[in-house]
Amino acid sequence: MSIKDSILEIEQDIKKLSQSDVMLLCVTKTVSIDNIMEAYNMGYRDFGENKVQELLYKKENMPDDINWHLIGHLQTNKVNKIVGKVSLIQSIDSLKILKKVNNRAKELGIIQDILIEVNVSNEESKHGFKVDELSSLFEGIEEFKNIKVKGFMTMAPNIEDEDKIRWVFSSLNKIFEKFSQLSYNNTDMKFISMGMTHDYKIALEEGANIIRVGSKIFGKRK
Ligand SMILES: *Cc1c(COP(=O)(O)O)cnc(C)c1O
């Protein structure tokens, strides 16, 4: 299927499965600039990359009106390169990295928008805050005046069990509701980012308002 037809199909799924205003974040890791431009020319302006170097290269070589999202684990030694260059860092997965991002944003005199990555399924191999760490994180969030928490991001386990995937997404939705109502300083809870190629339909049904889709749009990665 062409890039255009794949995107049209996902747009139909969004209409069918969700009542909300949903952002389709096109995940462009390993994708060539020419192919990304096909999505751009359909009107898309939000693209996600998981590596700092690749994101910055594409940002330099593509139109200025693109909103770049970092969706992969951020290493501490890359923080200074990326803060201020992206509209949303979706993958804040530890207090240590949150502090570094905040300090860098302070140096630059900006507010960096971020999402908190949550390891809902409690997998050892996954990055992200555990659900039971979130309360203390938010209780201390006031300290970080140069970040704004715009919501949560999660990845479901890479399994076939649809019930388990659905449980992960509906759990994040409940957690989102809870923390939205608490209105902490330095937060403005707007986004639940969940769902990728193999599970975005379930995510839409469970309240995602950002879905992050790569291979369904651009083809299998090498
Ligand atoms: C690669 C990636 C995606 C997109 O994955 P696809 O299965 O290709 O749609 C979504 N989120 C994150 C964090 C990723 O790294």
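Above this text you will find the structure in question.
Residues numbered from 1 in each chain as written. Predicted model: local features only at pLDDT ≥ 70, side-chain atom pairs only at ≥ 80, totals over all residues. Heavy atoms only, no water.

A word on the pattern of salt bridges
Move 1: In this structure the tally under the stated criterion is 12 salt bridges.
Move 2: Between K150 and D188 there is a salt bridge, and its shortest N-O distance comes to 3.0 Å. Of the two residues, K150 is situated in strand β6 (residues 147-153) and D188 in strand β7 (residues 187-193); the sequence distance between them amounts to 38 residues.
Move 3: Residues participating in the shared-partner salt-bridge network are E162, R166, E205 and E206. (Salt bridge = Lys/Arg side-chain N within 4 Å of Asp/Glu carboxyl O. Helix = DSSP H or I, 4+ residues; strand = E, 2+ residues; numbered from the N terminus.)

Details of the site of the ligand
Move 1: Looking at the ligand, the residues that line it are V27, K29, I71, M155, M196, T197, R212, V213, G214, S215 and R221.
Move 2: K29 places a side-chain nitrogen or oxygen 2.6 Å from an oxygen atom of the ligand.
Move 3: Take G214: an N or O atom from its main chain is 2.8 Å from an oxygen atom of the ligand.
Move 4: Of the residues assigned to the shell around the ligand, the class counts are five nonpolar, three polar and three charged. (Near = heavy atom within 4 Å. Polar contact = N/O pair within 3.5 Å; in protein donor to acceptor, adjacent residues only side chain to side chain. Nonpolar A, V, L, I, M, F, W, Y, C, P; charged D, E, K, R; others polar.)

Here we look at the pairing of strand β4 (residues 88-92)
Move 1: Most of β4 is tucked away, with five of its five residues classed as buried.
Move 2: Two elements, strand β3 (residues 67-70) and β4, share two bridges in a ladder whose sense is parallel. Its bridge partner lying in β4, L70 is registered against I89.
Move 3: In the sheet, β4 pairs with strand β5 (residues 112-117) via two bridges, with the strands oriented parallel. Residue pairing across strands places I92 opposite I116, the latter belonging to β5.
Move 4: What joins β4 to β5 is helix α5 (residues 95-108), and the crossover it makes is right-handed. (Buried < 20%, exposed > 50% of the residue type's maximum accessible area, 1.4 Å probe, protein only. Pairing = 2+ DSSP bridges. Right-handed = clockwise from strand over helix to strand, strands pointing away.)

Observations concerning the pairing of β7
Move 1: In the sheet, β6 pairs with β7 via four bridges, with the strands oriented parallel. When the bridges of β7 are listed, M153 appears paired with S193.
Move 2: Note on the crossover from β6 through helix α7 (residues 162-181) to β7: the handedness is right-handed.

Digging into the nonpolar core
Move 1: Of all hydrophobic cores here, the largest spans 64 residues; its most connected members are L24, I82, I89, I116, F152 and I211.
Move 2: Those residues in contact with L24 that sit more than four places away from it in its chain are I7, I10, I14, Y44, D46, I211, V213 and I217.
Move 3: Among the nonpolar cores identified, the runner-up in size contains seven residues, and L25, V27, L88 and L115 belong to it. (Core = buried A, V, L, I, M, F, W, Y, C linked by side-chain atoms within 4.5 Å. Contact = heavy atoms within 4.5 Å.)

Section: α7
Move 1: The terminal C-alpha atoms of α7 lie 29 Å apart, and with 20 residues this matches the ideal 28 Å at 1.5 Å per residue to within 8%.
Move 2: Listed as buried for α7 are I165, V168, F169, S170, S171, L172, I175, F176 and F179.
Move 3: Elements in contact with the buried residues of α7: α6 (134-139), β6, β7 and α8 (200-205).
Move 4: Backbone nitrogen of D163 and a side-chain oxygen of the N-cap are separated by 3.1 Å at the start of α7; the cap is D161.
Move 5: S183, located one to two residues past α7, shows a positive phi value of around 40°. (Expected span 1.5 Å × (residues − 1).)

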